[in-house]
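# What the coordinates show
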Amino acid sequence: MKQQHKMALSLVCFALAAGCASVPGSAELDQLTAAIVKSSFSDKGIVKASVLDTDEVIRACSAADVAGKPLDQEVAMKLQAAQFKTIKWPADGNYLGDWKAGEKLAQSGRGMTWTDKADTANGGNCYNCHQLDPKEISFGTIGPSLTGYGKTRGVIADPTSAASKAIIEYTWGKIWNAKAYNACSMMPRAVHKGIITEKQAKDLMALLLDPNSPVNK
Amino acid sequence: MKKMMCLLALAGLTASAAHAQKSAAVQAIEEYRAMLADGNPAELFEAKGEDLWKQKRGPKNASLQQCDLGQGPGVTKGAFVTLPRYFADTDKVQDLESRLLSCMENLQGFDAAEIAKTPFGKGEQNNVTALATWIAAESRDMTFNLPQVHAKEQIAYEVGKRLFFQRGGAHDFSCASCHGAENLRIRMQDLPNLTKNPGDGIGFAAWPAYRVSNGQMWGMQLRLNDCYRQQRFPYPGFASDATVALGVYLGVNSHGSKSIAPALKR
């Protein structure tokens, strides 16, 4: 009797599998995914599960990636404008720090994983994705090459021109919050998300724009 | 092994032109891999896994020889290349490692949740890794052919796809940040595009693998776990719905590619 009951049940299951049950729609799948994320990920070390409670721009870009379509232009502009507002400009008007400290920071990919300590110095992760000093052969290709950054953009030749000023400001903003210029940029929002400090951003600026930096040699 | 690593590092330091240096380093690594391939240490884990499969263990003092990996009780050949898949008895889509947990619980009386909570490289986790290594080896050179028939298998693929593109954490990274396009590299490390079939023995088709750099045997669960760690994500549970669904996405995308597992990795 029990066996028969089990058999009947599995037949129902089979019928469900074969045709009755279907894959739910996109919104339901999104909800299911969110529930699975909630039940699958947990706090570990310095990384809290709440880091997956992302903001509007990140949610929009994840959804666009799933759909395989870029964000609607108007939506993207709006999101970028909101991200742009997070950027703080140097109070003293001085954008360039120490390129040597910048190079050290660019080399490091450390920090903010669950095996890192709270006092681990976060790296800038730059070489993971970008070419910078041409003598460093171990560089990634996820981002564009930044070798010759200041030189090829004319900042080294004439640092005080209006064109150079625009490039310096863009570079600062891009390091602070890359999503201010391209909503779905792959680049982390380095200062905005607390990965590096404002002072460290200045050091990276120097690595890119100081005439003595190996990037511009 | 250490000596060879030093030689590699030296080769990297002494070559002059950037291009020549790269190809020399890549060549040295390839030679090193070829040398190790003659005796992949994964074979030790394979042998251990086969023993564990046949050994009577656990509170019920039973072997795993009646474990159904999707091809019928006890059938190990060809099972790996169809996983993850739906199992009626658990009413879940399961990958190799989560399925092994079910069998260890049901047949041998182990506590699956307890093993899932055990850190990698400790206690029964080591046995799950060895078992997975052997089961994978039983499908060596076979092509991936995950079923997408049951609604839950199709749903798992769709969820896995959403997980693959899920940006988050301090750095806003998703799996796709590194594995979403062709010809990407982090530092010197080539990154396969996992949104499509990356080719025989690449990506999904290369794990479990023995990692030369740390001398550890890694199953797919640990491979995904370490990706998430580097992604600055929180900790994904072992055999969790998220890691299994992600496995379905990667496995279905790898349809038709040849499994080289257990492989040898950097």
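Our subject is the structure listed above.
Scope of this entry: the structure provided in the associated data block. Remember, it's a predicted structure, so these values are computed and weren't measured experimentally. (Residues numbered from 1 in each chain as written. Chains lettered and ligands numbered in written order. Predicted model: local features only at pLDDT ≥ 70, side-chain atom pairs only at ≥ 80, totals over all residues.)

### Here we look at the overall build of chain B
Each helix and strand in chain B was counted, giving 10 helices and eight strands. When burial is assessed residue by residue, chain B has 45% of its 266 residues classed as buried. Taking contacts inside chain B between residues at least 6 apart in sequence as the whole, the part at least 24 apart equals 68%. (Helix = DSSP H or I, 4+ residues; strand = E, 2+ residues; numbered from the N terminus. Buried ≥ 20, exposed ≤ 12 C-beta atoms within 10 Å, placed from the backbone. Contact = placed C-beta atoms within 7 Å.)

### Topic: the interface of chain B and chain A
Often the size quoted for an interface is simply the accessible area lost on bringing the parts together. Facing the 44 residues of chain B at the interface are 47 residues of chain A. Counting residues per element, the side of chain B that touches chain A draws most heavily on helix H7 (residues 151-164) of chain B, at eight residues. Within the side of chain B that touches chain A, the residues separate by chemical class into 19 nonpolar, 14 polar and 11 charged. Where strand S1 (residues 41-42) of chain A meets strand S7 (residues 235-236) of chain B, two bridges bridge the pair, whose relative direction is antiparallel. (Nonpolar A, V, L, I, M, F, W, Y, C, P; charged D, E, K, R; others polar. Pairing = 2+ DSSP bridges.)

### What to know about the nonpolar core
Formed by 69 residues in total, the largest nonpolar core has its most connected members in Leu131, Ile135, Ala245 and Val248 of chain B. Residues within four places of Leu131 of chain B in sequence aside, it is in contact with Gly49, Leu52, Trp53 and Leu100 of chain B. In this structure, Leu105, Ala106, Ile175 and Met205 of chain A belong to the second largest nonpolar core, which totals 26 residues. (Core = buried A, V, L, I, M, F, W, Y, C linked by C-beta atoms within 7 Å.)

### Here's the deal with the sheet that holds strand S5 (residues 209-211) of chain B
Residues and elements named next belong to chain B. The strand order across the open sheet built from three strands is S6-S5-S8, with neighbouring strands paired in mixed fashion. Either end of the sheet is taken by a strand with one partner, and the two such strands are strand S6 (216-218) and strand S8 (263-265). Averaged over all adjacent pairs, the angle separating strand axes in this sheet is 30°, with direction ignored. Relative to S8, S5 runs parallel, the two being bridged by three bridges. Looking across to S8, one finds that Arg211 is bridged to Lys265. (Axes fitted to C-alpha atoms, helices over the stretch in contact; angles between N-to-C directions.)

### Some remarks on helix H9 (residues 198-209) of chain A
All names here are of chain A. Its 12 residues give H9 an end-to-end C-alpha distance of 16 Å, which sits within 8% of 16 Å, the value for a rise of 1.5 Å per residue. For H9, the tally of buried residues reaches 10 of 12 residues, placing the bulk of the element in the interior. Along H9, the residues classified as buried are Gln200, Ala201, Lys202, Asp203, Leu204, Met205, Ala206, Leu207, Leu208 and Leu209. Against helix H5 (99-107), helix H7 (149-152) and helix H8 (162-176) lie the buried residues of H9. (Expected span 1.5 Å × (residues − 1).)

### Quick notes on the packing of helix H3 (residues 56-67) of chain A against helix H4 (residues 73-84) of chain A
All names here are of chain A. In contact at an axis separation of 10 Å, H3 and H4 are set at 150° when each is read in the N-to-C sense. Between H3 and H4, the interaxial angle falls into the category roughly antiparallel. Relative to H4, the crossing made by H3 is left-handed. In this structure, H3 uses Glu56, Val57 and Ala60 to contact H4, whose residues at the interface are Val75, Leu79 and Gln83. Per-class residue counts for the contact of H3 with H4 are four nonpolar, one polar and one charged. (Parallel < 35°, antiparallel > 145°, perpendicular 65-115°, else oblique. Left-handed = near helix turned anticlockwise from the far one by under 90°.)

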